[in-house]
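As a plain string of letters, each chain reads:
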Amino acid sequence: SDRSTLATLRGVHKQYGAVHALRGMELSLRGGELLALLGPNGAGKTTAIALLLGLLRADQGEVALFGRDPQDIVARRHIGVMLQDAQLPPTLTVGELLRQGASYYPAPREVGACAVVAGVDDLLRRRYGKLSGGQQRRVQFALALVGNPRLLFLDEPTVGLDLQSRQGLWRAIRQLVAEGCGVVLTTHYLEEAEALADRVCVMAGGRIVSEGSVDALRARVAIKRVRCRSR
Ligand code: ATP
């Protein structure tokens with residue numbers, strides 16, 4: 001599978017007026033790798049992803065997708081996105097939604113295959129609005145796959161779901177990574193990062209303050225707790 005570098009941020013700064021949202025952000029991701037971005041509200045996670053999606057421009061620093069400008073149409077064809085506030089037409093069936101999504105891409109992935117990966121192949125004839133929250137989220141995931149992305153952005157993909165639904169989505173995400181897709185995921189759940197991530201980046205104040213495996217991160221958190229207690 002493709003292990004080349006898919007996305008990079010180098011020395012990136014971004015301000016909204018007086019608010020310095022990113023201050024020297026560094027990030028790089030390869031194919032077949034899942035990177036989890038953790039951090040409190042306002043840390044800069046959404047801004048970092050918006051820059052990679054080409055929705056915003058950096059004030060300073062370098063942002064690249066597949067070695068290109070993220071606003072380049074060729075680069076944009078190879079990304080998939082699952083946002084938190086996805087609003088899909090409730091009266092369309094799952095099959096209609098996926099076929100419509102696929103029609104925007106020159107080389108889509110087969111709709112049936114996307115449905116299988118996402119675990120919604122038994123829901124293709126059901127209306128989106130009639131599905132449970134967990135089923136809807138898996139349909140949104142299937143929809144993120146129709147362009148056959150090399151890189152997928154998942155913004156808190158399982159927030160608010162019950163454990164069983166979360167585990168269903170985790171399985172689907174793992175399968176995609178095993179196929180060689182790169183994934184950037186934001187989450188507030190440490191156990192989600194633990195279940196999925198090869199690498200965790202903890203953001204605070206507009207930059208990465210800690211980076212490594214989930215185990216290494218847990219060890220550091222544990223050490224901090226011990227230090228606090230011994231004071
Ligand atoms: P959350 O977990 O709440 O989504 P986040 O880590 O994604 O937080 P960002 O949304 O990137 O953080 O926000 C970083 C900082 O930039 C915050 O202080 C936020 O208030 C500010 N900010 C974000 N978007 C805007 C905007 N459009 N205008 C002004 N300030 C903004």
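Anyway, here's the lowdown on the structure attached to this text. The shown structure was predicted, so the numbers you read here are calculated from the model rather than taken from an experiment.

Around the ligand, the neighbouring residues are Tyr16, Val19, Ala21, Pro40, Asn41, Gly42, Ala43, Gly44, Lys45, Thr46, Thr47 and His188. Between the ligand and glycine 42, the relevant distance is 2.8 Å, taken from an oxygen atom to a main-chain nitrogen or oxygen of the residue. Here threonine 47 contributes a side-chain N or O atom positioned 2.6 Å from an oxygen atom of the ligand. Summarising the interface, the protein chains cover 59% of the accessible area of the ligand, which totals 640 Å² for the free molecule. Top element by residues in the shell around the ligand is helix H1 (residues 45-52). It accounts for three residues. Split into classes, the residues belonging to the shell around the ligand amount to five nonpolar, six polar and one charged.

Membership of the largest hydrophobic core comes to 42 residues, with the highest contact counts inside it found for Leu34, Phe141, Leu152, Leu154, Ile173, Leu185 and Val200. Top contributing element to this core by residue count: helix H6 (residues 163-178), with six residues. Not counting chain neighbours up to four residues away, the residues in contact with leucine 34 comprise Ile173, Val177, Val183, Leu185, Leu196, Ala197, Asp198 and Arg199. Counting 27 residues, the second-largest nonpolar core is a separate cluster that includes Val12, Leu29, Phe153 and Val184.

On inspection of all chains with the given rule, the structure shows zero disulfides. In this model cysteine 181 remains outside any disulfide bridge; the closest cysteine sulfur is found in cysteine 114, 11 Å from its own. Overall, the relative accessible area of 6% leaves cysteine 181 in the buried class.

Here the focus is the sheet that holds strand S3 (residues 34-38). If you walk across this open sheet you meet the six strands as S5-S6-S7-S3-S8-S9, and the pairing is mixed. Each end of this open sheet is capped by a strand with a single partner; those strands are strand S5 (79-82) and strand S9 (207-212). Each neighbouring strand pair of the sheet contributes to a mean axis angle of 20°, computed without reference to strand direction. Sheet analysis places strand S8 (residues 199-204) next to S9, joined by five bridges and oriented antiparallel. The partner of valine 202 across the bridge, within S9, is serine 210. Against the sheet, helix H5 (residues 133-145) makes contact with S5 and strand S6 (151-155), and its axis sits at roughly 165° relative to S5, the strand it touches most.

Rules behind the numbers
Residues numbered from 1 in each chain as written. Predicted model: local features only at pLDDT ≥ 70, side-chain atom pairs only at ≥ 80, totals over all residues. Heavy atoms only, no water. Near = heavy atom within 4 Å. Polar contact = N/O pair within 3.5 Å; in protein donor to acceptor, adjacent residues only side chain to side chain. Areas by Shrake-Rupley, 256 points an atom, 1.4 Å probe, with all protein chains shown as cover. Helix = DSSP H or I, 4+ residues; strand = E, 2+ residues; numbered from the N terminus. Nonpolar A, V, L, I, M, F, W, Y, C, P; charged D, E, K, R; others polar. Core = buried A, V, L, I, M, F, W, Y, C linked by side-chain atoms within 4.5 Å. Buried < 20%, exposed > 50% of the residue type's maximum accessible area, 1.4 Å probe, protein only. Contact = heavy atoms within 4.5 Å. Disulfide = S-S within 2.5 Å. Pairing = 2+ DSSP bridges. Axes fitted to C-alpha atoms, helices over the stretch in contact; angles between N-to-C directions.

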